[in-house]
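# Fold and contact review
The residues making up each chain are set out below.
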Amino acid sequence: MVAQQPYVLFDRVEVKYSETVSGLRSVSLEIEKGDFVWLLGQSGSGKSTFLKCLTREVKNTSGSVKLDGRSVTDLKRDEIPHLRRQMGIVPQDFGLLPNKKVWENLAYAMRAVGKTRRDVRRMVPLILERVNILHRADAFPNELSGGEQQRVAIGRALINNPPLLLADEPTGNLDTAHSREIIDLLFEINRQHGTTIVVATHDLMVVREFPGRIVNMEFGRIRAAGEPDEMDGSDDGLDDFEPVQVRKNPLLQEEDSRLLADDPDFEDDFESGNRGEPSLNPDSGDEKERPYA
Amino acid sequence: MLDRIEFLLSEAITSLKRNNWMTFAAINTSAMALFILGGLTYLYVSVSAYAATLQDRFEMKVFLKEGVSVEQKQALEPRIKAIDGVRSVVFKDKATVLQEFKRDNPGIEMETKGLELDNPMPDTYVVTYRELRKADEIARVIAGFPEVEPNGVNYLADEQRFLDQSLVAMRWLGVILGGVMLLTSGVLIYNTIRLTIMARRREIRIMELVGANRFMVWTPMFIEGVIQGLTGGLLATGVLFVTHVIVGALMGAFFRGQGIGAFPLASLLTWLLIAGGLYGLLCSYLAIREPKRKLKEAKA
């Protein structure tokens, strides 16, 4: 009897951006269909790289990534669009088109994947209702709150009715109340449709508040993984989840040296907790460091 | 299917509108380039055709020495015919030459009266040739035959040379001017597409995120380049047509009703549209290829 393959399988996955900078280091993880998984970690811990390996924005240097039994690593370039139609991707910055209304943002994405006008007319209201934003269908993105924009981004990720939804820091730009709303919405999608959901976040407060499997990432490795109750009291890294860990991150030492050279006061500021500028996150561009608790 | 085509076209048209001034510049420069190339080609073909009709009128007269025997004269004809570029060789004896001279110069009957008795005209071969540019070479070879009088090869050397050089100059002018304009328009189309890619980077990212295939992502840019090239071709044909009408009217006025031939509208339009469209496609391809390559390198 052949054992059933997990829905998402990472097997000793390594990603090297250069000789000295690694994104992932021997990451192995299995995710079952219908799971809700938190990828928890600080900036530079490898969460985004993990998601990018799944979407094939990044190709792993070694190891194997499989989705529903099929190798993602070995996909040819022409096959990547098909892979992406099997998943919904919610980018960190919402990625909404500012000159298009809410419904047009969804319609545009649907037309781009070959849906007909009839499909668009039928599906857009349903999706907007599903993410509770139908009442703002005619608004432009700049007229929406952060939470509403995130709902639209989630709605757009659902246009292909995907069995897998990947969200990169979906609460990163939101206040606590809106963060809860968005996570509630993701859980609702998970419960109602059995959609497998993987959320990358650094927001420990949100993770502690909601159920789901936690995968704690650090320096491109998985430090611990399990349900919250399994991780209580274990060496899961959640208790010492503090900004100071960034200082220890060997992946970022090269960047630190450069920053120290550029700004002699940086080290003093860092020790005193003044972390306003600059960003140390290689994945998130100019994103500022945020408090972790 | 129609839905997809409509989507791709609307994307291309949106981009054209978005970069309106750049589009305007690209279309106009393409039109200029195609006008110069097309116009000079048309002029070259027209003048060449006209020159071809002139060639029948251009002839070379070869005067033979006194005392050349009939056998020698007969043996000379195939030798002249064998020269490369010679179309025809016709022999005219002294009597015929004198008769024609009198016919062509009706005012000098008194001076030519009685010349039949002591005809000073030489026996002559009239030689026509296929290409103007070969006239000098043919003349040189014929002048080398012993039966031919020294300086006995007579033709309109300077006029023929001028006509031939004009055609060559026109061809080079077309190639250089048209080439420079074509290059400029190519750079403009390329830049417009690059600007489009920059302006549409959000859309491209969203398309890639939701799983749009490469055809859907990049085809609007190809369409954009082709539209620019086609519009340039269309404009160039229009300007050429107007130029043709004006030149025709001017020639009619100055040369007593003698106008120019019919404008080959259909063939010129077809060729300029094909040239413009293909050129637009090529420039778009180059513009798209570059960022895609850089994107690939960045990911690797």
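For clarity, every value in this text was computed on a predicted model and none was experimentally measured. (Residues numbered from 1 in each chain as written. Chains lettered and ligands numbered in written order. Predicted model: local features only at pLDDT ≥ 70, side-chain atom pairs only at ≥ 80, totals over all residues. Heavy atoms only, no water.)

### Focus: the pairing of strand E7 (residues 164-168) of chain A
All names here are of chain A.
- Burial runs high along E7: five of the five residues are buried.
- In terms of strand pairing, strand E6 (residues 87-90) meets E7 through four bridges, oriented parallel. Bridged to Ile89 within E7 is Leu166.
- One ladder, built from five bridges, connects E7 with strand E8 (residues 196-201); its direction is parallel. Counterpart to Leu166 in the pairing with E8 is Val198.
- As a crossover connection, the stretch from E7 through helix H6 (residues 176-193) into E8 is right-handed. (Buried < 20%, exposed > 50% of the residue type's maximum accessible area, 1.4 Å probe, protein only. Helix = DSSP H or I, 4+ residues; strand = E, 2+ residues; numbered from the N terminus. Pairing = 2+ DSSP bridges. Right-handed = clockwise from strand over helix to strand, strands pointing away.)

### As for the interface of chain A and chain B
- Taken together, the contact between chain A and chain B spans 25 residues of the former and 23 residues of the latter.
- For the pairing of chain A and chain B, the buried interface totals around 2200 Å² over both sides, and the portion due to carbon and sulfur atoms is 51%.
- It is Arg77, Tyr108 and Arg111 of chain A in chain A that bury the most area against chain B; as a group they hold 27% of the surface buried on that side.
- Taking the shortest distance from any N to any O, the salt bridge between Asp3 of chain B and Arg117 of chain A comes out at 4.0 Å.
- Of all the secondary structure elements, the ones that give two or more residues to the side of chain A that touches chain B are helix H2 (80-84) and helix H3 (102-112) of chain A.
- Broken down by element, the residue count for the side of chain A that touches chain B peaks at four residues, all from H3 of chain A.
- Of the residues contributing to the side of chain A that touches chain B, the split by class is 11 nonpolar, five polar and nine charged. (Contact = heavy atoms within 4.5 Å. Buried area = accessible area lost by both parts, 1.4 Å probe. Salt bridge = Lys/Arg side-chain N within 4 Å of Asp/Glu carboxyl O. Nonpolar A, V, L, I, M, F, W, Y, C, P; charged D, E, K, R; others polar.)

### What about the sheet that holds strand E9 (residues 213-218) of chain A?
All names here are of chain A.
- Taken in spatial order, the six strands line up as E6-E7-E8-E3-E9-E10 in an open sheet, and their pairing is mixed. This sheet does not close on itself; its edge strands, each paired only once, are E6 and strand E10 (221-226). The sheet shows a mean angle of 15° between the axes of neighbouring strands, direction not considered.
- Relative to the sheet, H6 contacts strand E3 (36-41), E7 and E8, its axis offset from that of E3 by approximately 145°. (Axes fitted to C-alpha atoms, helices over the stretch in contact; angles between N-to-C directions.)

### Notes on the packing of H3 of chain A against helix H8 (residues 201-210) of chain B
- One way to put it is that H3 of chain A packs onto H8 of chain B with a least axis distance of 9 Å and a crossing angle of 65°. Considering only the axes of H3 of chain A and H8 of chain B, their crossing is right-handed. Between H3 of chain A and H8 of chain B, the residues in contact are Tyr108, Ala109 and Ala112 of chain A and Glu203, Ile206, Met207 and Val210 of chain B, respectively.
- Residues belonging to the contact of H3 of chain A with H8 of chain B are distributed by class as follows: six nonpolar, no polar and one charged. (Left-handed = near helix turned anticlockwise from the far one by under 90°.)

### Observations regarding the sheet that holds strand E2 (residues 86-92) of chain B
All names here are of chain B.
- Reading across from one edge, E2-E3-E1-E4 is the order of the four strands in this open sheet, with antiparallel pairing throughout. On the outer flanks of this sheet lie E2 and strand E4 (148-154), each paired with one strand and no other. Here the average twist between neighbouring strands, direction ignored, is 20°.
- Here strand E1 (residues 59-64) runs beside strand E3 (residues 124-129); their pairing, made up of five bridges, is antiparallel. From the neighbouring strand, Lys61 faces E3, where its bridge partner is Val126.

### Things to note about the nonpolar core
Residue and element names in this part refer to chain A.
- Residues Trp38, Ile154, Ile159 and Leu186 are the most contacted members of the largest nonpolar core, which totals 69 residues.
- Ranked by residues supplied to this core, first place goes to H3 with seven residues.
- When residues no more than four places from it in sequence are discounted, the contact partners of Leu186 are Phe36, Ile154, Leu165, Pro170, Ile197 and Val199.
- Judged by nonpolar contacts, the second largest core, of 30 residues, contains Phe10, Val13, Leu75 and Val215. (Core = buried A, V, L, I, M, F, W, Y, C linked by side-chain atoms within 4.5 Å.)

Nothing here speaks to function; it is geometry throughout.
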